[in-house]
Amino acid sequence: MRIISTVMVTTLMISVCNFAQADDLHQGERVPAVGVNDKGELVWQHNEFSYKNWNSAQLSGKVRVIQHIAGRSSAKEKNAALIEAIKAAQFPHDRYQTTTIVNTDDAIPGTGMFVRSSIQTNKQHYPWSQFVVDNKGNVQKAWQLERASSAIVVLDKNGRVRFIKDGALSQEEVQQVMSLIASLLKQ
C-alpha cells in the first residue's frame, strides 16, 4: 500500500512539475520565436485591408502590451478593463504599442467572418495598434497559452517579458500593469 501511495505521489509531483514548465513565457526573457503567415498582421492602407507575415522578432523597439485572445467575445471581455485603461492613458505611440493577437483557430465555428470584421473595425479606430490574425493558432501553441482565454504579456523596449498572466486580470493587476507601463516608458 505504501509503495502504491509513493508511486501516486511521485507521479502527481512529476505531472505538476511538467505543468509548471508548460508555460513557455518567462520573466526577463524574450517570448519564444513564432511566426504567423496564414493571415498575419492586419494592414490598413489607402482604405484597404491586407495581411503581411508577422513574427515575434518584431516585438522589440517599444514598450508593448501583447493581448493574445481566442476569437471569442468571452475571451475579449476577460481583459477589457485593461484595454480601456490603456486607451484612457493615451500612451505615446512612438514609444508604446498594443499588439493584439487573435487566435481565429480558437473561434466558435461559423463566427470567423464576424471576428475578422471586428478586428478590421478596431484597426480603423486604432491604426497605431498592431493586430495579428492567427488562423492556425501558432502563437497559442508556441507560447503554450490556454485555449478560449486571454493572456496579457508586457514587454520592455528590448522585447523582454516584464509581466505575464494567462487569464483575466484582477483590478489590482490592471493597476500593476498600468504602473509598469508608465515606469517602462520613463526608462
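Scroll up to find the structure.
Some remarks on helix α4 (residues 112-125)
- A rise of 1.5 Å per residue sets the reference length of α4, with its 14 residues, at 20 Å; its end C-alpha atoms lie 20 Å apart and thus fit the reference within 8%.
- What α4 keeps buried is the set Gly112, Val115, Ile119 and Lys123. For α4, the angular spread of buried residues about the axis comes to 80°, placing them on one side. Turned more than 90 degrees away from the buried face of α4, the exposed residues are Met113, Phe114 and His125.

Side note on the sheet that holds strand β2 (residues 48-55)
- Taken together, seven strands build an open sheet; the order of strands is β2-β1-β5-β4-β3-β6-β7 and the sheet is mixed. Each edge of the sheet is formed by a strand with only one pairing partner; in this case those strands are β2 and β7 (161-166). Going from strand to strand, the sheet's axes swing by 20° on average, the running direction of each strand aside.
- Bridge count for strand β1 (residues 35-45) against strand β5 (residues 130-134) is three bridges, and the pairing is antiparallel. Bridge pairing in β5 places lysine 39 opposite aspartate 134.
- Running over the sheet, α4 touches β1, β2, β4 (96-103) and β5 and is turned about 45° from β1.

A closer look at the nonpolar core
- With 18 residues, the main nonpolar core has Val65, Leu82, Ile86, Tyr96, Val154 and Ile181 as its most contacted residues.
- Broken down by element, this core gets its largest block of residues, seven residues, from helix α6 (residues 171-186).
- Excluding anything up to four places from it in sequence, leucine 82 contacts Val65, Ile152, Leu169, Val174, Val177 and Met178.
- Within the second largest apolar cluster, 16 residues are counted, among which are Val31, Val34, Val36 and Trp143.

Thoughts on the pattern of salt bridges
- What the rule picks out here adds up to five salt bridges.
- Between glutamate 84 and lysine 87 there is a salt bridge; the shortest N-O distance is 3.0 Å. Of this pair, glutamate 84 and lysine 87 both sit in helix α3 (residues 80-89), three residues apart, which is roughly one turn of that helix.
- Among the residues examined, glutamate 84 registers a relative accessible area of 46% and is labelled partly exposed.
- Lysine 87 gets classed as partly exposed once you look at its relative accessible area, which sits at 34%.

Quick word on the side chain of aspartate 156
- In this structure, aspartate 156 sits in the loop between β6 (150-155) and β7.
- According to the relative accessible area criterion, aspartate 156 is buried, its value standing at 10%.
- Polar side-chain contacts of aspartate 156 include one of 2.9 Å to the backbone nitrogen of asparagine 158.
- Aside from chain neighbours lying at most four places away, what touches aspartate 156 is Lys62, Val63, Arg162 and Leu184.

Topic: the pairing of β4
- Counting buried residues in β4 gives eight out of eight residues, a clear majority hidden from the surface.
- Of the two faces of β4, the one lined by Tyr96, Thr98, Thr100 and Val102 and the one lined by Gln97, Thr99, Ile101 and Asn103 are each fully buried.
- Sheet analysis places strand β3 (residues 63-70) next to β4, joined by eight bridges and oriented parallel. Looking at β4, one finds that isoleucine 69 is bridged to valine 102.
- Note: β4 against β5, five bridges, orientation parallel. Across the sheet, the residue bridging to threonine 100 is phenylalanine 131, located in β5.
- On the question of chirality, the crossover connecting β4 to the parallel β5 by way of α4 is right-handed.

Observations concerning the pairing of β3
- Of all eight residues in β3, eight are buried, a share of seventy percent or more.
- Side-chain alternation along β3 places Val63, Val65, Gln67 and Ile69 on one buried face and Arg64, Ile66, His68 and Ala70 on a second face that is also buried.
- Bridge analysis of β3 against β6 gives six bridges, and the strand direction is antiparallel. Pairing of isoleucine 66 across the sheet is with valine 153, part of β6.

Cut-offs used in this document
- Residues numbered from 1 in each chain as written.
- Predicted model: local features only at pLDDT ≥ 70, side-chain atom pairs only at ≥ 80, totals over all residues.
- Heavy atoms only, no water.
- Helix = DSSP H or I, 4+ residues; strand = E, 2+ residues; numbered from the N terminus.
- Expected span 1.5 Å × (residues − 1).
- Buried < 20%, exposed > 50% of the residue type's maximum accessible area, 1.4 Å probe, protein only.
- Arc of directions from axis to C-beta.
- Pairing = 2+ DSSP bridges.
- Axes fitted to C-alpha atoms, helices over the stretch in contact; angles between N-to-C directions.
- Contact = heavy atoms within 4.5 Å.
- Core = buried A, V, L, I, M, F, W, Y, C linked by side-chain atoms within 4.5 Å.
- Salt bridge = Lys/Arg side-chain N within 4 Å of Asp/Glu carboxyl O.
- Polar contact = N/O pair within 3.5 Å; in protein donor to acceptor, adjacent residues only side chain to side chain.
- Right-handed = clockwise from strand over helix to strand, strands pointing away.

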